[in-house]
Amino acid sequence: MTEFTKNLSPRRVLKLLKSEKKPQTALAIFDSATRQPGYTHSPDVFHHILRRLVDSRLVSHVTRIVQLIETQKCNCPEDVALTVIKAYAKNSMPEKALDSFQRMKQIFGCEPGIRSYNTLLNAFAESNRWEQAESFFKYFETAGMKPNLQTYNILIKVACKKKHFEHAKRLLDWIWKTGFHPNVQSYGTLINGLVKGGKLVVALELFEEMFNRKVTPDVICYNILIDGFFRKRDFVKANEVWKRLLEDSSAYPNSVTYNIMINGLCKCGKFDECLRIWERMKKNEREKDLFTYSSMIHGLCEAGNVDGAERVYKEMVESGAMVDVVTYNAMLNGYCKSGKFKECYELWKLMEKEGCINDVGFNILIRGLLENGKVDEAVSLWNIMPERGCSADSSTYGVLIHGLCKNGYLRKALEILKEAEVGGCKVDSFGYSSMIDGLGKQGRLDEVTCLISRMIKCGCQLNPYVCNPLIHGFIQASRIDDAVQFFRGMDSMGYSPTVVSYNILISGLCKAERFGEAYFFLKEMLEKGWKPDIITYSLLIKGLFEGKNVDMALRLWHHVLAKGFKPDVTMHNIIIHGLCSVGKIEDALQLYSEMRQRNCAPNLVTHNTIMEGLYKAGEYKKASDIWTRISTDGLQPDIISYNITLKGLCSCGKISDAIGFLDDALERGILPTVITWNILVRAVLTTGFNTALCV
């Protein structure tokens, strides 16, 4: 405890308070001085200690110091009262701020001026007490207090918090008309509100207005816009604003700007640009903080540049920056993804030493081990979690179960799932969906159904990764009725089918030649407001062609065109194949030529399909023209292309030409398949060896 001389002065106390860096110790010195007989604090001492108590952990002491000011009858300037009101405002204590304002004369011995009025108005705004803020603003006139620009800036903030952006803009325009000159804070407040409200286009227009109105934007305005565009994953616009900042002679990028750029570029996958910003930051000697290093390490690891991340990590350590658990985990994740388990374990030991092991770290390392087939090590790590003061959460169970299933350890995964359920641990949908996927692939569909019931019982929400694989599994097992029954019951289980769910079911019904039901579900989609996509129609058309319902398939095709859909190459290929399969080769050729008119370039599958159709129809010359078109379109024929051509040539007795094509395939490095040899052998057997060689 500090010992004071008998003749203690406020000047001496103030000097002691200023020399003490820790607020708690400064408060103890203040309290000790308060107890000294014959000593009273000066306004400067009160002001100094109040400024240091704004933090949420210390703001509770402000009230007793205010009481001491009142008891001591210390006449303080308005700045002291402002500090008290600001402290309460910052900590969302508007009632305390209001009381200090109303009793300012009684407590501090001074009258509130415009700054006090604005500070209280801001306290209401920051606490989202919008009605009180607007009511208090009306009181300005009653009290004879003339608002200033800061008052209106606060009102703009209130309008933005209420998402009344048009009102905020009208207020800004009105300020100009009244003779005030809105400043960078006026515009910055509204731009910030617009960006947070997702209205980036309007925010950018307002930013342009600043230049027209001769209001110079500061770096904060630039930072708000860059961050806003990055949050929308709009790299182009973010980069445009960044370049404008570099060209602006009145504003310069600060550490916050660089952090926004590095974090945003990493999230957009622009890792080369990120490295350039990093180097620029070093060149301009901008101070890097924990967020800078962490963002950079995370981004490089995500890009697979673990060596680069390691260099940044070492620089961070050498700079004396405190490495936190988030940074350690980012580095750990990078090592896992690159399979550097020696470095993984070395870092893990360091994390243990520094007390930076948490559930997330365990999840990262367990996932990494499982993804690299190190199942025993992953399970061992999972077993020691309680010893390290960590407990498996839903994510841990999800990671472990998923990894075990992927590695073929279904029985172990089921044991862990059961253990979690019995122990009351909640397993997330990821864990259940992995288990369901694993069982479904083994055809254990009845177990999957039981597992879904358990999943719902445990309060887990169904999702597409659970429902869609089960529908697909039933269809693969030719259990169409079970697929339909489960599909029908999805709503009652709390999950509505998606377009993908409908696509899977419609495809299955078409393959089973249950076209009436497939059409029924298509109609149901439309009634429920779902918009069938190209995949939906493609699946249905394909099924109809396979079921020889050609007229129905073509009607649906014309319906797709009439609805304004733009069929992709896959849909075109389905129609062309369907037409060729029923001998409508001229119609197929017509569609083939129309593809280019629809800006849909034929791919190799298209060429192969039409070429096969032409050979079957005996149109050898036209088929040969299609072969030429493959090269003209910049495509390379594959073994399927060669097999179609060989079969077509052999069918018309041109076996020597076919052998010539075989030689061409070999020269191109395209290896024949069993089908290739079967075509040639059959041709030779049919025509006779000598005849074949002569043809």
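Residues numbered from 1 in each chain as written. Predicted model: local features only at pLDDT ≥ 70, side-chain atom pairs only at ≥ 80, totals over all residues. Heavy atoms only, no water.

A. Broad picture of empty space enclosed by the protein. Per the counting criterion, the structure on display carries one cavity of 30 Å³ or more. Taken as a whole, the largest cavity encloses approximately 30 Å³ of empty space. If you go around the largest cavity, the residues you meet are Ile639, Tyr642, Asn643, Leu646, Leu662, Ala665, Ile670, Leu671, Pro672 and Thr676. Within the residue set of the lining of the largest cavity, elements represented by two or more residues are α38 (639–651) and α39 (655–667). Broken down by element, the residue count for the lining of the largest cavity peaks at four residues, all from α38. Residues of the lining of the largest cavity, tallied by class, amount to eight nonpolar, two polar and no charged. (1 Å grid on protein atoms, 1.4 Å probe; cavity = no way out; pocket = protein on both sides within 12 Å on 5 of 7 lines; lining within 4 Å. Points joined across faces, edges and corners; volume = space filled by probe spheres on them. Helix = DSSP H or I, 4+ residues; strand = E, 2+ residues; numbered from the N terminus. Nonpolar A, V, L, I, M, F, W, Y, C, P; charged D, E, K, R; others polar.)

B. Looking closely at the packing of helix α2 (residues 23–34) against helix α4 (residues 60–72). Packing of α2 against α4 brings their axes to within 13 Å, and their N-to-C directions diverge by 25°. The orientation of α2 relative to α4 falls into the category roughly parallel. For α2 against α4, the interelement crossing comes out left-handed. Of the residues in α4, those in contact with Leu27, Phe30, Asp31 and Thr34 of α2 are His61, Arg64, Ile65 and Leu68. Of the residues belonging to the contact of α2 with α4, the class tally is four nonpolar, two polar and two charged. (Axes fitted to C-alpha atoms, helices over the stretch in contact; angles between N-to-C directions. Parallel < 35°, antiparallel > 145°, perpendicular 65-115°, else oblique. Left-handed = near helix turned anticlockwise from the far one by under 90°. Contact = heavy atoms within 4.5 Å.)

C. Representation of the packing of aromatic side chains in the model. Within this structure, the stated rule accounts for 27 aromatic pairs. Between phenylalanine 137 and tyrosine 152, the aromatic rings sit 6.3 Å apart at their centres with planes inclined by 65°, giving edge-to-face as the arrangement. Pair noted here: phenylalanine 137 is in helix α9 (residues 130–142) and tyrosine 152 is in helix α10 (residues 149–161), with a separation of 15 residues, a long-range link. Judged by relative accessible area, phenylalanine 137 falls into the partly exposed class, the value being 24%. Through a chain of ring-to-ring contacts, the aromatic side chains of Phe101, Tyr117, Phe124, Phe136, Phe137, Tyr139, Phe140, Tyr152, Trp174 and Phe180 assemble into a single cluster. A cation over an aromatic ring shows up here: arginine 213 above the ring of tryptophan 176, its NZ or CZ 4.6 Å from the ring centre. In this arrangement the basic side chain of lysine 288 is found over the ring face of tryptophan 278, its NZ or CZ atom lying 5.0 Å from the centre. (Phe/Tyr/Trp six-rings, centres within 6.5 Å; stacked < 30°, edge-to-face > 60°. Buried < 20%, exposed > 50% of the residue type's maximum accessible area, 1.4 Å probe, protein only. Lys NZ or Arg CZ within 6 Å of the ring centre and 35° of its normal.)

D. Representation of the nonpolar core within the structure. Core analysis: the biggest nonpolar cluster contains 234 residues, and Phe108 and Ile610 have the highest contact counts within it. If near-sequence neighbours (up to four positions away) are discounted, phenylalanine 108 is found in contact with Val66, Ile69, Cys74, Asn75, Cys76, Val80, Ala81, Val84, Ser100 and Arg103. (Core = buried A, V, L, I, M, F, W, Y, C linked by side-chain atoms within 4.5 Å.)

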